[in-house]
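Fold and contact review
Residue strings, one per chain:
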Amino acid sequence: MIKGTLIPIGGNEDKGFHTEDRFSLDFISEGILSKIVYESGGKNSKILVITTASGIPKEVGANYIEAFEKLGCKDVTPLFIDSKEMADEAATLELLKNCDCIMFSGGNQSKITKHIKNTEFHKILIHRYHNEDFVVAGTSAGAMCMSKEMIAGGSSKESFIKGATKMKQGLNLIPELIIDTHFIQRGRFGRLSEAVARFPERIGLGLAEDTGLIIKNGTTVEVIGSGMVIVFDPGKLTHNNIAILKDSTPLTMTNLITHVLSAGDRYDIEHRTVKVLPAVKSLL
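Quantities reported herein were computed from a predicted structural model and do not represent experimental measurements.

One can find Ser-83 in the loop between strand 3 (76-79) and helix 4 (84-87). One polar contact links the side chain of Ser-83 to the main-chain amide nitrogen of Met-86, over a distance of 3.0 Å.

Taken together, Phe-160, Ile-184, Phe-189, Met-228 and Val-260 make up a surface patch of nonpolar side chains, about 410 Å² in accessible area. You can see Val-260 is positioned in strand 15 (residues 257-262). The exposure class assigned to Val-260 is exposed, which follows from its relative accessible area of 53%.

Another point: the sheet that holds strand 11 (residues 220-225). Backbone-to-backbone hydrogen bonds pair the strands of a sheet. The strands run either parallel or antiparallel. Overall, mixed pairing links the nine strands, which are arranged 3-2-4-5-1-10-11-16-17 in an open sheet. Among the strands making up the open sheet, the edge pair consists of strand 3 and strand 17 (273-275). Across the sheet, the mean angle separating the axes of adjacent strands is 20° when strand polarity is ignored. As judged from the six bridges shared by strand 10 (residues 211-216) and strand 11, these two strands associate in the antiparallel manner. Residue pairing in the sheet places Lys-216 in a bridge with Thr-220 of strand 11. Across the sheet, helix 5 (residues 90-98) touches strand 2 (47-50), strand 3 and strand 4 (101-104), and the angle it forms with strand 3 is around 140°. With respect to the sheet, helix 7 (residues 120-131) is in contact with strand 1 (5-9), strand 2, strand 4 and strand 5 (135-139), its orientation differing from that of strand 4 by roughly 125°.

Our next topic: the confidence of the model for the protein. Considering every residue of the protein, the mean pLDDT works out to 89; 90% of them sit at 70 or more. Long-range and interchain partners of residues 17-30, a stretch whose pLDDT sits below 50, account for 32 contacts in this model, where long-range means more than four residues apart.

The subject of this paragraph is the sheet that holds strand 8 (residues 177-180). Ordered in space as 8-9-12-15, the four strands form an open sheet in which the pairing is mixed. Each having just a single partner strand, strand 8 and strand 15 make up the two edges of the open sheet. Put simply, the sheet's adjacent strands are angled 20° from each other on average, direction ignored. Sheet topology note: the strand 8/strand 9 (residues 203-207) ladder contains four bridges and is parallel. Paired with Asp-180 across the two strands is Gly-206, which belongs to strand 9.

In this fold, Lys-216 is placed in strand 10. Among the residues examined, Lys-216 registers a relative accessible area of 30% and is labelled partly exposed. A sequence separation of 212 residues divides Lys-216 from Gly-4, and the C-alpha atoms of the two residues are 6.8 Å apart. Once you skip the residues sitting within four places of it in the chain, Lys-216 turns out to touch Gly-4, Thr-5 and Glu-39.

A separate point is the state of the cysteines. Evaluated as defined, the whole model comprises zero disulfides. Of all cysteine sulfurs in the structure, the one in Cys-101 sits closest to Cys-145, which takes part in no disulfide; the separation is 13 Å. Accessibility expressed as a relative area gives 0% for Cys-145, which makes it buried.

Let us look at the pairing of strand 10. Moving residue by residue along a regular strand, the side chains alternate between the two faces of the sheet. Most of strand 10 is tucked away, with five of its six residues classed as buried. As consecutive antiparallel partners, strand 10 and strand 11 are separated by three residues, and within that stretch Asn-217 has a phi angle of approximately 60°, a positive value.

Here we come to the pairing of strand 5. Judged by how many residues are buried, strand 5 sits mostly within the fold: five of five residues are covered. Side-chain alternation along strand 5 places Val-135, Ala-137 and Thr-139 on one buried face and Val-136 and Gly-138 on a second face that is also buried. Pairing analysis gives five bridges linking strand 1 to strand 5, with the strands arranged parallel. Directly across from Ile-9, in strand 5, lies its bridge partner Thr-139. Bridge count for strand 4 against strand 5 is four bridges, and the pairing is parallel. Paired with Met-103 across the two strands is Ala-137, which belongs to strand 5.

How each quantity is defined
Residues numbered from 1 in each chain as written. Predicted model: local features only at pLDDT ≥ 70, side-chain atom pairs only at ≥ 80, totals over all residues. Heavy atoms only, no water. Helix = DSSP H or I, 4+ residues; strand = E, 2+ residues; numbered from the N terminus. Polar contact = N/O pair within 3.5 Å; in protein donor to acceptor, adjacent residues only side chain to side chain. Patch = residues over 30% accessible without salt bridge, like charges linked within 9 Å, V, L, I, M, F, W, Y side chains within 5 Å. Areas by Shrake-Rupley, 256 points an atom, 1.4 Å probe, with all protein chains shown as cover. Salt bridge = Lys/Arg side-chain N within 4 Å of Asp/Glu carboxyl O. Buried < 20%, exposed > 50% of the residue type's maximum accessible area, 1.4 Å probe, protein only. Pairing = 2+ DSSP bridges. Axes fitted to C-alpha atoms, helices over the stretch in contact; angles between N-to-C directions. Contact = heavy atoms within 4.5 Å. pLDDT = per-residue confidence, 0-100. Disulfide = S-S within 2.5 Å.

Here's what the structure looks like:
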């Protein structure tokens, strides 16, 4: 049984800086970052923020320090890994071994796999996640890289077309899933559909912005945040023609099981079952 906790986030998580209605969550008690702090052991936890995916790592690191400090966390270290050699430096590995939580920022998920996959850093990360009370969080690209089969790109305008979705090998923290992010806002239904058509033994999870998952023991999923999670379960597909199609040809898929989940709802990866939070009638 996996002892660690995985927290993928769909991007644009509320860091306490937003005033728009859709970011009106109580940041301290309800915000996704506060969930990360709680799961990591509280405000005295050590958080390592990996900014490798970002094109502006210094700014991103500073933003996360400020955001976590609002929650009372003082031990937050940003780290920009830009080569496999740096990933395996003694100082880098020491930071990973001593933190309570590692969080991958957004940006380009292929940068994460390029500089971290198959390094000693990667091996220690997987070992700690499997064997310790350790939190691995990631937003946007940092969430997508958690899969084994990782979505590396693909235009929403070309969705539902064979070959439109670019796939690479991810960090393999949760091989049962394929994770996509900014899912509702960027209309990424098509590219996740193609991904599960190509890998029908996987489950596709599309995370809306400011929405995340708390995954315990590698199987128990709870939705957190202000948006929705779309689940694509291809386990009972009765027609999937991707194998016989040429690239740039529209796909056919029938009986793709789909769930729309929101905060408090749960999903069991092993049994592919849903437990929906009961609706509560408002008192007028």
